[in-house]
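Breakdown of the fold
In case you want the letters, here they are:
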Amino acid sequence: MGDTMETKNILIKNATILNPKSAEKDNIESFKGDLLIENDKIAEISKKNEELINSKGVEKIIDGKNKILMPGLINTHTHISMNLLRGLADDMALDEWLNNHIWPTEAGLNGEYCYDGALLAITEMIKSGTTTFNDMYFFMEDVAKAVNESGIRGCLSYGMIDFGDEEKRENEFKENIKLIKNCNDTAEGRIKTFFGPHATFTASKELLERVRYEANKYNVGIHIHMNETKKEIEDVKEATGKLPFEYLEDIGFLNSDVLAAHGVWLSKEEIEIIKKRDVKISHNPCSNMKLASGIAPVQELLSKNVCVGLGTDSVASNNNLDMFEEMKFASLLQKVNNMNPESLNSNQTIKMATINGANALNLEKEVGSIEIGKKADLILIDNKSVNLNPMSEKISSNLVYAANGSNVNTTICNGKILMEDKKLITLNESKIIEKANKSIKELKEIREESK
Ligand SMILES: N[C@@H](CCSC[C@H]1O[C@@H](n2cnc3c(=O)[nH]cnc32)[C@H](O)[C@@H]1O)C(=O)O
Ligand SMILES: [Zn+2]
């Protein structure tokens with residue numbers, strides 16, 4: 001790794017600092033100031049007119065003039081190795097997309113392919129300002145390797161599917177527990193591990209019950225797909241006689257450590273269960289729109305103080321990992337759905353992509369806002385970019401409605417610079433792209449041969 005990875009103390013001077021403060025209240029502050037990073041943490045924040053931070057012992061100064069400094073974005077639902085499958089199958093519903101295209105291609109995956117896809121995704125995330133992602137997939141120790149090498153922060157779970165088959169179930173637990181044992185809290189604490197039961201229509205009751213037991217035992221969270229499509233609701237109702245969240249409530253699965261991706265089709269009763277158990281929701285507007293799954297009742301969930309973070313899902317249903325675009329889609333979708341332009345305003349949307357995401361991943365003590373003592377996961381955005389001018393008085397407005405990932409100039413994670421002035425420090429972009437193209441070509445050949 002390059003020199004900059006070794007940087008200990010960094011001073012960012014004269015930046016416009018945007019800080020979503022708490023997950024509960026609708027408050028975002030912005031001010032001009034300096035910020036000092038010591039090792040992996042935010043050590044000092046000075047507002048303009050206050051005493052400037054003493055630059056003694058500072059090894060690196062970043063000029064924050066004409067830049068917005070904000071927390072790195074948090075993507076609460078991904079399958080990053082699927083970056084290899086970008087554009088593989090578009091314009092169809094989830095059921096057909098998974099069964100006829102995604103799953104048959106995934107059958108040829110191995111650890112090396114997943115590593116290649118993960119690096120492609122991490123490159124895209126660092127370039128577009130994401131510093132934490134929450135991932136569920138296969139070959140997660142290879143994804144962990146990519147996280148470790150790149151310097152990003154990741155919550156990793158192995159996606160468990162048993163379709164009621166006991167032998168498959170045993171294997172899935174073995175894989176997920178191995179991931180937890182080998183990777184939890186590794187990479188200077190940047191990697192956390194979760195259990196990843198795929199969904200209530202692919203995982204049996206036995207699997208789900210055991211996940212609750214093992215999650216308590218290992219003290220890790222749970223990442224699951226929930227209530228994504230109408231078909232799923234009907235299938236679960238037919239199999240269990242209940243709606244998905246009612247079913248999970250009945251088997252004692254739900255707790256504040258559960259992060260449920262999607263939550264599109266929710267009954268009033270299910271929303272009450274989510275609230276009561278403090279289950280976290282990851283909202284994935286682009287994926288939900290692209291697969292025509294439906295519109296999640298985000299405004300309603302937020303008004304009931306349910307924690308809703310933002311996610312992209314994989315690029316096979318998005319088709320990118322740009323959290324700035326995701327913020328815009330999230331906000332606009334709620335507005336048109338409620339026929340109310342005040343729905344999901346820009347401050348609420350920024351919070352979804354930062355502090356709420358941290359809260360959803362049980363990382364709120366570490367990341368998601370700019371507080372002394374938190375990890376230095378920060379991004380700088382060029383406010384000289386043409387699409388950000390004139391700069392609105394309300395900074396969040398420009399960031400949600402006008403910005404995109406390519407406006408990110410510098411990305412810092414765990415106090416280490418991963419991209420400076422648009423130059424990647426830890427990763428070799430052209431090599432990663434070349435390798436990923438080779439891998440997907442091979443994967444397609446494997447699929448053809450197995451037909
Ligand atoms: N161990 C499992 C792998 C599960 S990984 C997670 C799975 O979720 C799939 N996936 C990706 N996006 C979605 C979605 O939006 N809904 C449901 N599943 C998805 C993805 O393709 C992958 O197969 C097995 O043996 O099949
Ligand atoms: Zn998903």
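Structure shown above.
A brief report on the enclosed structure follows. For every chain, the first residue of its written sequence is number 1, and the numbers climb from 1 along that sequence. Chains carry letters from A onward and ligands carry numbers from 1 onward, assigned in written order. Only residues with pLDDT of at least 70 are given local features in this predicted model, and only at 80 or more are side-chain atom pairs given and counted; all residues enter the totals for whole chains, interfaces and linings. The side-chain quantities take in all heavy atoms of the structure and omit both hydrogens and water.

1. Comments concerning the overall build of the chain
Going by this rule: Per the convention used, a helix needs a DSSP run of H or I reaching at least four residues, while a strand needs a run of E reaching at least two, with both numbered from the N terminus. Taken over C-alpha atoms, the radius of gyration is set against a globule rule of 2.2 Å times the number of residues to the power 0.38. Each residue gets one of three labels from its accessible area relative to the maximum for its type: buried under 20%, exposed over 50%, partly exposed in between, using a 1.4 Å probe on protein chains only. We call two residues in contact when some of their heavy atoms are within 4.5 Å. Accessible areas in this description were obtained via Shrake-Rupley with a 1.4 Å probe; residue shielding takes into account the shown protein chains only. Under the convention used here, Asp and Glu are negative, Lys and Arg are positive, and both His and the chain ends fall outside the count. Lysine's charge is taken at NZ, arginine's at CZ, aspartate's at CG and glutamate's at CD.
Along its length, the chain carries 15 helices and 17 strands. Against the 2.2 N^0.38 benchmark of 22 Å for 451 residues, the chain shows a C-alpha radius of gyration of 21 Å, consistent with a compact globule. Summarising its shape, the C-alpha atoms of the chain cover approximately 65 × 45 × 40 Å along the three principal directions. Evaluated residue by residue, the chain yields a buried proportion of 61% over its 451 residues. Long-range pairs, those at least 24 residues apart, make up 73% of the contacts in the chain with a sequence separation of at least 6. Accessible surface computed for the chain: about 18100 Å², of which carbon and sulfur atoms make up 47%. Across the chain, the 56 positively charged side chains and the 70 negatively charged ones have centroids separated by 4 Å.

2. Quick look at a negative patch on the surface
Basically, it comes down to this: Nonpolar side chains (Val, Leu, Ile, Met, Phe, Trp, Tyr) within 5 Å and like charges within 9 Å form the patches, drawn only from residues with over 30% relative accessible area and no salt bridge. What makes a salt bridge here is a side-chain nitrogen of Lys or Arg within 4 Å of a carboxyl oxygen of Asp or Glu, nothing more.
A cluster of acidic side chains, namely D165, E166, E167 and E206, defines a negative patch on the protein surface. One can find E167 in helix α4 (residues 166-183). Residue classification places E167 among the exposed positions, given a relative accessible area of 68%.

3. Considering the pairing of strand β16 (residues 416-420)
Just so we agree on the cut-off: Strands are treated as partners if at least two bridges between them are detected by DSSP.
Bridge count between strand β15 (residues 408-413) and β16: 3 bridges; the pairing is antiparallel. Paired with T411 across the bridge in β16 is M419. Counting the residues in the hairpin turn of β15 and β16 gives 2 residues, including N414, whose phi is positive at 55 degrees. In this sheet, strand β17 (residues 423-424) lies alongside β16 in antiparallel orientation, the contact comprising 2 bridges. For M419, the partnering residue across the bridge sits in β17 and is L424. Here β16 folds back onto β17, and the loop between the two strands holds 2 residues, one of which, D421, carries a positive phi near 50 degrees.

4. A few points about the site of ligand 1
Selection criterion: Note on terminology: near, applied to a residue and a molecule or strand, indicates that one of the residue's heavy atoms is within 4 Å of it. The term polar contact refers here to a pair of N or O atoms within 3.5 Å; inside protein, the definition further demands a hydrogen-donor-capable atom paired with an acceptor-capable atom, and it admits residues adjacent in sequence only when both atoms are side-chain atoms. Amino acids are sorted into nonpolar (Ala, Val, Leu, Ile, Met, Phe, Trp, Tyr, Cys and Pro), charged (Asp, Glu, Lys and Arg) and polar (every other residue, Gly among them).
Near ligand 1 you find 21 residues, and of these E106, G159, K168, E172 and E228 are the closest. Separating a nitrogen atom of ligand 1 from a backbone N or O atom of G159 is a distance of 2.5 Å. At 2.6 Å, a side-chain N or O of K168 approaches an oxygen atom of ligand 1. The protein chains hide 94% of the 570 Å² of surface that ligand 1 would expose on its own. For the shell around ligand 1, the element with the most residues is helix α1 (residues 94-106), which contributes 6 residues. Grouping the amino acids of the shell around ligand 1 by side-chain chemistry returns 11 nonpolar, 5 polar and 5 charged.

5. Thoughts on the environment of T105
Here T105 lies in helix α1. Among residues more than four places away in sequence, those in contact with T105 are L85, L88, L443 and R447.

6. Digging into the coordination of the zinc ion (ligand 2)
Selection criterion: Any N, O or S atom lying within 2.8 Å of the metal counts as a donor, with the limit raised to 3.2 Å for Na, K and Ca; because water is left out of the atom set, some sites can appear incomplete. Irregular is the default label, applied whenever a site is not tetrahedral (four donors, all angles between 85 and 135 degrees) and neither square planar nor octahedral (four or six donors, opposite donors over 155 degrees apart, all other angles between 65 and 115).
For the zinc ion (ligand 2), the full set of protein donor atoms is H77 (NE2), H79 (NE2), H225 (NE2) and D313 (OD), at a range of 2.1 to 2.4 Å. Around the zinc ion (ligand 2) sit 4 donor atoms; with metal-centred angles ranging over 84 to 176 degrees, the donor geometry is irregular. Assessed through its relative accessible area of 5%, H225 is described here as buried.

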